2 protein chains.
Amino acid sequence: MELLKERIRKDGVIKEGNVLKVDSFLNHQMDIKLLNEIGKEFKRLFAGEKIDKILTIEASGIGIAAIVAQYFDVPVVFAKKSESINLDGEMLTAPITSFTHKKEYQVIVAKRFLHAGENILVIDDFMANGCAAEGLCKIIQSAGANIKGIGIVIEKGFQDGGKMLREKGLRVESLAIVESMDAENQTIVFRDDT
Amino acid sequence: MELLKERIRKDGVIKEGNVLKVDSFLNHQMDIKLLNEIGKEFKRLFAGEKIDKILTIEASGIGIAAIVAQYFDVPVVFAKKSESINLDGEMLTAPITSFTHKKEYQVIVAKRFLHAGENILVIDDFMANGCAAEGLCKIIQSAGANIKGIGIVIEKGFQDGGKMLREKGLRVESLAIVESMDAENQTIVFRDDT
């Protein structure tokens, strides 16, 4: 998605340790116009799929998913993160490790919001090692629902998440895939549009 | 807002301890169509105000604020919650106590996303003791920005938040004000529309 790549080049800040900060337009501060363009693009990419619900994860996935959902005319469920599990039998959970925060979390979704046979689109802002998306997929599968695809705004193509999930046969659509980036020169190389 | 009150009556679940669960349409699972109606209503209420930016707080405020922002054509900044403070000088912070989680948090916003003179509308899903909204207002003031109003989806009118903030001269607009509720009979009384 050219508009997104341009914006990342213009306003993204590359930090040591392969950290890409896009908090001036994607998370923390959100450019709602850009999010609408992102919504249109996901709709174009997943136009052939029947989608019943969008699943994302707090916190930075929520705003994106809410805007994207307008183009699919479906509700959004956002998974919660918790360092502790309260296994009361009414929750679907999966463990994940956050790349950004170097922490273990449980991803939690109330059972009553994911049903067997429902067609789910996963939406998130970033994919690095793919743990968050994988956790969401495990939750969808444990509900007996169908993973129709994973829509990611920015994928770090030099980390394993996208490869791992695509090799499982999942459809991953990333609007910008970062091939490499250089904190010293503030330069970024995107994978060619496919 | 009649549509919202009807929805709360229909799908809200009242729990002991004055807890109102609206997680099937407002948080956890979000009815995006309802959120759009909420956006239109806040725009109607604050039509006379110049708004430059919407400020909310993670996690459940984010989806609502993102949809509402479309009607004001402004970006959204969401404050983060943290139990620890990293005072690196680039952050605006204020302490809050969560009614739901009985915890102390720091609310955090990067300084570069709130500027002196900007006109800010605060949006959040719930108001009980008003701590979250008050924390956001403190952050706005410490940035030298203007609090143009506080838009709340559901206010618990039997708790002090709304009164406290209105007495400070702040404009608080709540789309549904719960006057009382009864867990045993699952009945809810709203304050008359004003």
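As shown above, the structure is provided for reference.
Summary of the structure given here. (Residues numbered from 1 in each chain as written. Chains lettered and ligands numbered in written order. Predicted model: local features only at pLDDT ≥ 70, side-chain atom pairs only at ≥ 80, totals over all residues. Heavy atoms only, no water.)

Before going further, it helps to examine the overall build of chain A. Of the regular secondary structure elements, chain A holds 5 helices and 11 strands. Its C-alpha atoms give chain A a radius of gyration of 16 Å, near enough to 16 Å, the size a compact globule of 194 residues would have. The dimensions of chain A, computed from C-alpha atoms along their principal axes, are 50 × 35 × 30 Å. By the burial criterion, 56% of the 194 residues in chain A qualify as buried. Counting every atom, chain A has about 8400 Å² of accessible surface; 48% of that belongs to carbon and sulfur. For chain A, the distance from the average site of its 26 positive side-chain charges to the average site of its 29 negative ones is 3 Å. (Helix = DSSP H or I, 4+ residues; strand = E, 2+ residues; numbered from the N terminus. Rg over C-alpha atoms; globule rule 2.2 N^0.38 Å. Buried < 20%, exposed > 50% of the residue type's maximum accessible area, 1.4 Å probe, protein only. Areas by Shrake-Rupley, 256 points an atom, 1.4 Å probe, with all protein chains shown as cover. Lys, Arg positive; Asp, Glu negative; His and termini not counted. Charge placed at Lys NZ, Arg CZ, Asp CG, Glu CD.)

Right, let's get into the interface of chain B and chain A. At the junction of the two partners, chain B supplies 32 residues and chain A supplies 32 residues. Taken together, the two surfaces of chain B and chain A that pack against each other cover about 2500 Å², and 60% of this comes from carbon and sulfur. The interface formed by chain B and chain A holds 4 salt bridges in total. In this assembly, chain B and chain A are joined by 15 residue pairs in polar contact (both at pLDDT 80 or more). Across the side of chain B that touches chain A, the residue classes break down as 16 nonpolar, 8 polar and 8 charged. (Contact = heavy atoms within 4.5 Å. Buried area = accessible area lost by both parts, 1.4 Å probe. Salt bridge = Lys/Arg side-chain N within 4 Å of Asp/Glu carboxyl O. Polar contact = N/O pair within 3.5 Å; in protein donor to acceptor, adjacent residues only side chain to side chain. Nonpolar A, V, L, I, M, F, W, Y, C, P; charged D, E, K, R; others polar.)

With an RMSD of 0.0 Å, chain B superimposes on chain A once it is rotated by 180° and translated 0.0 Å along the axis. Look at the turn and shift together and you get a two-fold axis relating the two. For chain B, the residue whose C-alpha comes nearest the rotation axis is G63 of chain B, separated from it by 2.4 Å. Comparing interface residues between copies, 100% of those in chain B also sit at the interface in chain A, which points to an isologous, same-surface contact. (Least-squares fit on C-alpha atoms with pLDDT ≥ 70 in both.)

Another point: the packing of aromatic side chains. Two aromatic rings, taken as a pair, are described by how far apart their centres are and by the angle between their planes. Applying the stated rule across the entire model yields 0 aromatic pairs over all chains. Across the ring face of Y105 of chain A, the terminal group of K81 of chain A is positioned such that the distance to the ring centre comes to 5.4 Å. (Phe/Tyr/Trp six-rings, centres within 6.5 Å; stacked < 30°, edge-to-face > 60°. Lys NZ or Arg CZ within 6 Å of the ring centre and 35° of its normal.)

Moving on: the pairing of strand β6 (residues 91-98) of chain B. Residues and elements named next belong to chain B. Burial along β6 is one-sided: the face carrying L92, A94, I96 and S98 is buried and the face carrying M91, T93, P95 and T97 is not. Where β6 lies against strand β7 (residues 103-110), 8 bridges are found, and the strand directions are antiparallel. Within the sheet, the bridge partner assigned to S98 lies in β7 and is K103. (Pairing = 2+ DSSP bridges.)

Residues and elements named next belong to chain A. Relative to the 16 Å expected for 12 residues at 1.5 Å per residue, helix α4 (residues 131-142) spans 16 Å between its end C-alpha atoms, a close match to the ideal helical length. Of all the residues in α4, the buried ones are A133, E134, G135, L136, C137, I139 and I140. Among the residues trailing α4, G144 stands out with phi positive, at a value near 75°. (Expected span 1.5 Å × (residues − 1).)

Ranked by internal contacts, the top residues of the largest apolar core, which has 81 residues, are L4, I38, F42 and I54 of chain A together with L4, I38 and I54 of chain B. I54 of chain B has contacts with A65, V68, A69, F72, V74, P75, V76, V77, L121 and I123 of chain B, leaving out every residue within four places of it along the chain. Of all hydrophobic cores here, the second largest spans 30 residues; its members include A110, C137, A143 and A145 of chain B. (Core = buried A, V, L, I, M, F, W, Y, C linked by side-chain atoms within 4.5 Å.)

Residues and elements named next belong to chain A. Between E58 and A59 the backbone carries a cis peptide bond, its omega angle lying at -5°. For Q186, which is not a glycine, the phi torsion comes out positive at approximately 55°. The topology assignment puts Q186 in the loop between β10 (172-182) and β11 (187-190). Overall, the relative accessible area of 38% leaves Q186 in the partly exposed class.

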